[in-house]
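So the chains spell out like this:
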Amino acid sequence: MAALRQWRVLESRLQNGLGFLAAWRDWKGDPDRPQLLHYVAVQANPVSPAYLVAAAAHDAALAPLAAELANQWFGLTPGTHRLTFEAGRVTLTLHVNELRDVLRHEPFVVDAVLLDERDCDLATLKAIGRHCRRGSRMEMRVAVTGAPLSATMQRDFTQCGFVVEARGGVVQGVFDPVWQPKNPLPPYGATPSRCVVVGAGLAGAAVAASLALRGWQVTVLDAADEPATGGSGVPVALLTPHFSPDAALLSRLARSGVRATVLQARQLLREGLDWRLAGSLERRAEPVDPRTLAASGHAWSRVPTAAQIAAAGLAGTKDISAVWHEQAAWIRPKALVQAWLTQPGIEWRGNTRVCSIQMEGSDWVLRNAAGEVARAPLIVVAAALESSALTGACAPLQAVRGQVSWGQQDASHAFAPFAVNGGGHFIPAVPHTSAIASEMAWFTGSTFDRDDMQRDERASDHLANLERLRALAPGVAAQLESAFAGGSVRGWAGVRCASSNRRPIVSQVRPGLWMSTAMGSRGLTFARLCAEVLAAHLHAEPLPVELRLAESLAPPVGGDANAPA
Ligand SMILES: Cc1cc2nc3c(=O)[nH]c(=O)nc-3n(C[C@H](O)[C@H](O)[C@H](O)COP(=O)(O)OP(=O)(O)OC[C@H]3O[C@@H](n4cnc5c(N)ncnc54)[C@H](O)[C@@H]3O)c2cc1C
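Conventions used here
- Residues numbered from 1 in each chain as written.
- Predicted model: local features only at pLDDT ≥ 70, side-chain atom pairs only at ≥ 80, totals over all residues.
- Heavy atoms only, no water.
- 1 Å grid on protein atoms, 1.4 Å probe; cavity = no way out; pocket = protein on both sides within 12 Å on 5 of 7 lines; lining within 4 Å.
- Points joined across faces, edges and corners; volume = space filled by probe spheres on them.
- Helix = DSSP H or I, 4+ residues; strand = E, 2+ residues; numbered from the N terminus.
- Nonpolar A, V, L, I, M, F, W, Y, C, P; charged D, E, K, R; others polar.
- Phe/Tyr/Trp six-rings, centres within 6.5 Å; stacked < 30°, edge-to-face > 60°.
- Buried < 20%, exposed > 50% of the residue type's maximum accessible area, 1.4 Å probe, protein only.
- Salt bridge = Lys/Arg side-chain N within 4 Å of Asp/Glu carboxyl O.
- Near = heavy atom within 4 Å.
- Polar contact = N/O pair within 3.5 Å; in protein donor to acceptor, adjacent residues only side chain to side chain.
- Areas by Shrake-Rupley, 256 points an atom, 1.4 Å probe, with all protein chains shown as cover.
- Pairing = 2+ DSSP bridges.
- Disulfide = S-S within 2.5 Å.
- Core = buried A, V, L, I, M, F, W, Y, C linked by side-chain atoms within 4.5 Å.
- Contact = heavy atoms within 4.5 Å.
- Axes fitted to C-alpha atoms, helices over the stretch in contact; angles between N-to-C directions.
- Expected span 1.5 Å × (residues − 1).
- Bend = angle between axes of the 7 residues up to and from the residue.

Looking up the protein in an unreviewed UniProt entry gives the name FAD-dependent 5-carboxymethylaminomethyl-2-thiouridine(34) oxidoreductase MnmC, with the organism given as Caenimonas koreensis DSM 17982.

Caption draft 1: Quick look at the layout of surface pockets. Here the second largest pocket is characterised by a volume of approximately 760 Å³. Forming the boundary of the second largest pocket are 30 residues, of which Gly-19, Tyr-39, Leu-114, Glu-139 and Arg-141 lie nearest the centre. When residues of the lining of the second largest pocket are traced back to their parent elements, those giving at least two are β1 (6-11), α1 (18-29), β5 (110-115), β6 (132-141) and β8 (170-175). Its residues assigned to classes, the lining of the second largest pocket shows 16 nonpolar, five polar and nine charged.

Caption draft 2: Region of interest: the packing of aromatic side chains. Evaluation of the coordinates by the stated rule reveals 12 aromatic pairs. Taking 5.1 Å as the distance between ring centres and 55° as the angle between the ring planes, the aromatic pair formed by Phe-162 and Phe-175 counts as tilted. Of this pair, Phe-162 sits in strand β7 (residues 162-167) while Phe-175 sits in strand β8; the two residues are 13 residues apart in sequence, bridging distant segments of the chain. Each member of the pair Phe-162 and Phe-175 is classed as buried. Of the aromatic side chains, those joined through ring pairs into one cluster are Phe-20, Trp-24, Tyr-39 and Phe-85.

Caption draft 3: Representation of the pattern of salt bridges within the structure. Counted by the stated rule, this structure contains 31 salt bridges. Notably, a salt bridge pairs Asp-116 with Arg-118, separated by 2.8 Å at the nearest N-O pair. For Asp-116, a relative accessible area of 11% translates into the label buried. The shortest N-O distance in the salt bridge between Arg-284 and Glu-282 comes to 3.0 Å.

Caption draft 4: Quick peek at the site of the ligand. Near the ligand lie 35 residues; those nearest to it are Asp-222, Ser-232, Leu-238, Glu-386 and Gly-520. Asp-222 is positioned with one of its side-chain polar atoms (N or O) 2.6 Å from an oxygen atom of the ligand. A distance of 3.0 Å is found between a nitrogen atom of the ligand and a backbone nitrogen or oxygen belonging to Ser-521. Taking 1000 Å² as the accessible area of the ligand by itself, protein coverage stands at 94%. Those elements that place two or more of their residues in the shell around the ligand are α7 (202-213), β11 (237-239), β22 (398-409), β27 (490-498) and α15 (523-538). Of the residues in the shell around the ligand, the class split is 16 nonpolar, 14 polar and five charged.

Caption draft 5: How the structure looks around the pairing of strand β28 (residues 505-510). Pairing of β28 with strand β29 (residues 513-517) involves five bridges; the strand directions are antiparallel. Across the sheet, the residue bridging to Arg-510 is Leu-513, located in β29. Hairpin connection of β28 to β29: two residues between the antiparallel strands, including Gly-512 at a positive phi of 85°.

Caption draft 6: The arrangement of the state of the cysteines in detail. Across all of its chains, the model carries zero disulfides by this definition. No disulfide involves Cys-160; its nearest neighbouring cysteine sulfur is the one of Cys-120, lying 10 Å away. Here Cys-160 falls in the buried class, since its relative accessible area comes to 3%. Counting only cysteine sulfurs, Cys-530 is the nearest neighbor of Cys-497, a cysteine outside any disulfide, at a range of 12 Å. Using a relative accessible area of 6% as the deciding quantity, one classes Cys-497 as buried.

Caption draft 7: Geometry of the nonpolar core. Judged by nonpolar contacts, the single largest core of 71 residues is most densely connected at Leu-211 and Val-218. Per-element tally for this core: the top contributor is α15, with 11 residues. Ignoring anything within four residues of it in the chain, the contact list for Val-218 reads Cys-195, Val-197, Ala-208, Leu-211, Ala-212, Gly-345, Ile-346 and Glu-347.

Caption draft 8: Inspection of the sheet that holds β8 at higher detail. Pairing is mixed across the open sheet formed by eight strands, whose spatial order is β3-β4-β2-β1-β5-β6-β8-β7. On the outer flanks of this sheet lie β3 (79-85) and β7, each paired with one strand and no other. Within the sheet, the average angular offset between the axes of one strand and its neighbour, ignoring direction, is 15°. Here helix α6 (residues 151-159) sits on the sheet in contact with β5, β6, β7 and β8, set at roughly 150° to β7.

Caption draft 9: Up close: helix α14 (residues 474-486). When the terminal C-alpha atoms of α14 are compared, their 19 Å separation across 13 residues agrees well with the 18 Å that a helix rising 1.5 Å per residue should span. By the largest-angle criterion, Leu-480 marks the main kink of α14, which is about 45°. Here α14 has its buried residues at Val-476, Ala-477, Leu-480, Ala-483 and Phe-484. Buried residues along α14 sit against β22, β24 (425-431), β25 (440-445) and α13 (459-472).

Have a look at this one:
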C-alpha cells in the first residue's frame, strides 16, 4: 500500500465480512498507509450484523472492528450503501445487488480484487478487468488447498488480461494485459493541490472537509464575518429520511444522505448538545401500506407504535396515517459547519464577497470589488442563490424564505422526546444553547414563501407556524397557544435555495469549476452526500451512491464561466 494516496479493493462477495475487516486491520497497522482505504464489496442479500460479529469473534484484532461494522449494518436496502470508519479514512461501499449489475453500471477502478471462486467465469473476469488498472492485484481463494489451477481457468484469466499462478490454496496475480485497455477509467483522477470554496454554509463546509481529507489545501471564503450566516444559520434543523411509496429517487438519495450526516454528527458533534438521534414521527396525508414500508427497510421507516402515537399527543386523532423514522435527528447546523471548517487543511476567511471567477493561465482567479482575493486550479462554489451567477451555470435557482418559531420548554410541557414532522416540524427537548443541557427549548416551523428574500422576523409568520402546528400536532399546539399569544415566542428567518426538482445540484460547470448548491429544505441531508459525490468524481473514486443517483444530482449546467459575473 505504501506511498499511495488511496488503496481500492473490490471483493466480489463480502460473505462474512472477514476480507474487509482484514484489509482494515492491515491498513491500521501499516505505518505508510494510504490516506484512504476504499473497499467495494457486493452482497446480494445482506447477512445479519450478528453473523458479522460471530465470524470475527475469535480474532482479537478483528472482533472490535466487526463490532463497529455491525453498528453501521442497518437499512441495507437494494442499492449502494457507504459505511465509513476511522474518521472517514476507511470506507466500505456495499452494493446490495448482483455482481454483474455492479460491474456493468458502476464506474470505479481498483488496485486489488478479492475474487470468490464462484465468480471466475469468463464473462465476470472480463467485466472485472474493466475495473482494473495495469498492475491491479488479483487474489482468489480456492476451496481445495493445493489444487492446481485448471487449464480452463488459467486460459480464462489470461484471456482477460490477468497473469496468475496458484500458490497453496490461493490464486494470485496481476492485471497486465498484452493489449492497451480500451477507454481506461482514470485510476486516481485529480492530484490534490489548492482549492477555494466560496460559501461557508453546510454545502461549502462539507465540500471543504471532504477535499481536505483527500489532501487538498482548502481556503473557504464567505461574504459574512462568520460561518453559517445564510440558510445554515437556522438555530436547529431536522435531519430525517424521506419516505415515498414508490421508493422514488429522492427517498433513496435522502437515505444515503441521512446515513452520511449521522456518521459525521457521531464523529464531530457533542451528542445531546449539538445533535441527538431522537427519531421522528411523520404524519402523512395518504394511508401508508405497511408492506411498502417493509420494502423500504424497517431500520429506516416503519409503522409507529401506539405508544409513539400517544406520546406525540395524537392518540385520539381519527384516521391517523404516520411513519416512524428511526434515523432522524435534530442538529445545530452551525455546529456542524464549524466542526467541518476546523478540519486540518482548511483555512476560513470571512468578509470576502466574491464578485467574479475567471480562468487565467492554469488557475481560476476570484475577485471582489477591490481586486483579486484568491486563485486556485479548483474552485467549488457553494454560495446558495449566487452560485449560478458566479459560475456562469445555467441552473435556475429559487429563493424560498422561511421562518422558524421557538420558545422555552418548561416542566409544564408534556412533549414527546422526539420530533413530529410532515408539512412542517416540531422539535422538542433541544438544549437552550449548545453549552447548557439543562434548559430546554422547542422549535417549530417553517414558513415557505417562494421568491421572498427578506430575513425580517414577522408576527404573521409566527401565526402561520402556530396554524401549521395545530394541524400537525394539536396536543402540542394546545400547550403552546399561550406562548404564541403572550409574545414570548422567538423567531429566526432565512432564505433557502432550491432547484426546480427539489434535488441538490453538484456539478462541474467548467473544468476545475464546480458548484454544490440547491440544498432546498434538506441541507442537513444533502450537504455531506454532495461533497462526497463531488470528491468521488474528482478522484475517480467509487461513488457513495449508484451512478444513476449521482447523475440525478448533476443536471447539465454548462455555462460561460469567463463571462463577467
Ligand atoms: C427557516 C428554515 C428552516 C430550515 N429547516 C431545515 C431543516 O429542518 N432541515 C434541513 O435539512 N434544512 C433546513 N433548512 C434548509 C437549510 O438551512 C439549507 O438547505 C442549508 O442551510 C443550505 O446550505 P448552503 O450552504 O447551501 O447555503 P447557505 O447556508 O445559505 O450558505 C451560503 C453561503 O454563501 C455565502 N455567499 C453567498 N454569496 C457569496 C459570495 N458572492 N461571496 C462569498 N460568499 C457568498 C453566504 O454568505 C452563505 O454563508 C431550513 C432553512 C430555513 C430558511
